[in-house]
Amino acid sequence: MTALARPTNGRMIGGVCAALARRFGTSATTMRVIFLLSCLLPGPQFLLYIALWIMFPSEGKARQAW
């Protein structure tokens, strides 16, 4: 498993799904489909996405921190 950082390449909006896909070893497309399907359920999915967007550092910034 890799560190949670939003990649600079392969982003669609914020890179959250791409970061989670990289972390759990799945494709970004699979993670995006799972997110879109979860939006059919009641809950704060969009708020969670925005919170993760803020919390996950960008890949370039994460490299500078190490």
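Okay, so let's go over this structure. (Residues numbered from 1 in each chain as written. Predicted model: local features only at pLDDT ≥ 70, side-chain atom pairs only at ≥ 80, totals over all residues. Heavy atoms only, no water.)

1. Considering the environment of Gln-45
Locating Gln-45 in the fold gives a position in helix α3 (residues 45-55). Residue Gln-45 is classed as buried on the basis of its relative accessible area, which comes to 16%. Considering only alpha carbons, one finds Gln-45 and Phe-35, 10 residues apart in sequence, at a separation of 7.9 Å. Ignoring anything within four residues of it in the chain, the contact list for Gln-45 reads Phe-35, Ser-38 and Cys-39. (Helix = DSSP H or I, 4+ residues; strand = E, 2+ residues; numbered from the N terminus. Buried < 20%, exposed > 50% of the residue type's maximum accessible area, 1.4 Å probe, protein only. Contact = heavy atoms within 4.5 Å.)

2. Section: the pattern of salt bridges
All chains considered together, the criterion is met by 1 salt bridge. Here Glu-59 and Arg-22 are joined by a salt bridge, their closest N and O atoms 2.6 Å apart. On the criterion of sequence distance, the pair formed by Glu-59 in helix α4 (residues 59-65) and Arg-22 in helix α1 (residues 16-24) is long-range, its members being 37 residues apart. Take Glu-59: its relative accessible area is 16%, and that puts it in the buried class. (Salt bridge = Lys/Arg side-chain N within 4 Å of Asp/Glu carboxyl O.)

3. Details of the side chain of Arg-6
With respect to the helices and strands, the residue Arg-6 is situated in the segment before α1. The side chain of Arg-6 sits in the buried core without any salt bridge; Glu-59 is the nearest counter-charge, 10 Å away. Polar contacts involving the side chain of Arg-6 include one to the main-chain carbonyl oxygen of Gly-14, which spans 3.1 Å. Once residues within four sequence positions are removed from consideration, Arg-6 is found in contact with Arg-11, Gly-14, Gly-15, Val-16, Ala-19, Trp-53, Phe-56, Pro-57, Ser-58 and Glu-59. (Lys, Arg positive; Asp, Glu negative; His and termini not counted. Polar contact = N/O pair within 3.5 Å; in protein donor to acceptor, adjacent residues only side chain to side chain.)

4. Some points on helix α2 (residues 28-38)
Since the α-helix turns once every 3.6 residues, residues separated by three or four places project in the same direction. Along α2, the positions that sit buried rather than exposed are Met-31, Arg-32, Phe-35 and Ser-38. For α2, the buried positions fall inside an angular range of 125° around the axis, keeping them on one side. Opposite the buried face of α2, at more than 90 degrees from it, the exposed residues are Thr-29, Leu-36 and Leu-37. The elements touched by buried residues of α2 are α1 and α3. (Arc of directions from axis to C-beta.)

Keep in mind these values describe shape, not function.
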